[in-house]
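Structural description and commentary
In case you want the letters, here they are:
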Amino acid sequence: RPLRDKERNRQGADPIQSGTRTLTMLRTKRLLFAGLLLGLFLVSTQVEAIQRVCCQEYSAECLACAEGKRVKKYCKEKKVRDIPGCEIYNCCREFTAECKSCSEGISGAEYCMKRPSTPGCDKYDCCRTFTAKCLSCSEGMSEKEYC
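Before going into details, it helps to say that this report is about the structure given with it. The structure displayed is predicted, hence computed values, not measured ones.

Quick look at the overall build of the protein chain
Per the secondary structure count, the protein chain includes eight helices and zero strands. Along the chain direction, N to C, the helices and strands of the protein chain fall in the order α-α-α-α-α-α-α-α. Taken over 147 residues, the protein chain has a buried fraction of 18%. Long-range pairs, those at least 24 residues apart, make up 12% of the contacts in the protein chain between residues at least 6 apart in sequence. When the accessible surface of the protein chain is totalled, it reaches about 12,100 Å², and 56% of it is carbon and sulfur.

Comments concerning the state of the cysteines
Under the defined criterion, the tally for this structure stands at five disulfides. The disulfide that involves Cys75 links it to Cys86, with 1.9 Å between the sulfurs. Judged by the sign of its S-S torsion, about -75 degrees, the cystine formed by Cys75 and Cys86 is left-handed. Of this pair, Cys75 sits in helix H4 (residues 71-78) while Cys86 sits in the loop between H4 and helix H5 (97-104), placing them 11 residues apart in sequence. Pair check on accessibility: Cys75 and Cys86 agree, each one buried.

Quick word on the nonpolar core
The biggest cluster of nonpolar side chains holds six residues, and these are Ala60, Ala64, Tyr74, Cys75, Ile83 and Cys86. Those residues within four positions of Tyr74 in sequence are excluded, and the remaining contacts are Ala60, Leu63, Ala64, Glu67, Lys69, Ile83 and Cys86.

Focus on the pattern of salt bridges
Tallying each qualifying case throughout the model produces two salt bridges. Residue Glu67 is joined to Lys69 by a salt bridge in which the shortest nitrogen-to-oxygen separation is 3.3 Å. By relative accessible area, which is 37% here, Glu67 ends up partly exposed. Note that Lys69 and Glu77 form a salt bridge whose closest N and O atoms lie 2.5 Å from each other. Given a relative accessible area of 28%, Lys69 falls into the partly exposed group.

Focus: the packing of helix H3 (residues 60-67) against H4
Look at H3 against H4: their axes get within 9 Å of each other, and the N-to-C directions meet at 95 degrees. The pairing of H3 with H4 is recorded here as roughly perpendicular in orientation. Residue-level inspection shows Ala60, Glu61, Leu63, Ala64 and Glu67 of H3 in contact with H4, the latter providing Val71, Tyr74, Cys75 and Lys78. Its residues placed into classes, the contact of H3 with H4 shows six nonpolar, no polar and three charged.

Definitions and cut-offs
- Residues numbered from 1 in each chain as written.
- Predicted model: local features only at pLDDT ≥ 70, side-chain atom pairs only at ≥ 80, totals over all residues.
- Heavy atoms only, no water.
- Helix = DSSP H or I, 4+ residues; strand = E, 2+ residues; numbered from the N terminus.
- Buried < 20%, exposed > 50% of the residue type's maximum accessible area, 1.4 Å probe, protein only.
- Contact = heavy atoms within 4.5 Å.
- Areas by Shrake-Rupley, 256 points an atom, 1.4 Å probe, with all protein chains shown as cover.
- Disulfide = S-S within 2.5 Å.
- Core = buried A, V, L, I, M, F, W, Y, C linked by side-chain atoms within 4.5 Å.
- Salt bridge = Lys/Arg side-chain N within 4 Å of Asp/Glu carboxyl O.
- Axes fitted to C-alpha atoms, helices over the stretch in contact; angles between N-to-C directions.
- Parallel < 35°, antiparallel > 145°, perpendicular 65-115°, else oblique.
- Nonpolar A, V, L, I, M, F, W, Y, C, P; charged D, E, K, R; others polar.

The structure is reproduced here in structure tokens:
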């Protein structure tokens, strides 16, 4: 007697139909994977196309932005102190008032007020009264410049 549809399902699927379904599923998976890769590629190119907007001033921050670098790295590579913002990154390395005040971004007089025992602070050993002479000395200026 011939098998009916219900009996055929109980015994197992038709091998031809099963193979066709498997091939169709594999093709679908391949197409989905290819589409995913194409989408990722398009997104990555779009991200690269977005340009940085940098300021136009002559400063370490703007120049570093234009080159796509951090300010510290930009200043270290250029080794130029006259670019505004690079002063503290290109200071001398000795343990002197001049070098240490540079690295902290303050005047020598200010540094010596905090740490008077640092070598080089003897020139900032100023009087403490509120006169033009004492105040100009503590600022590291002449009386004429201070007034």
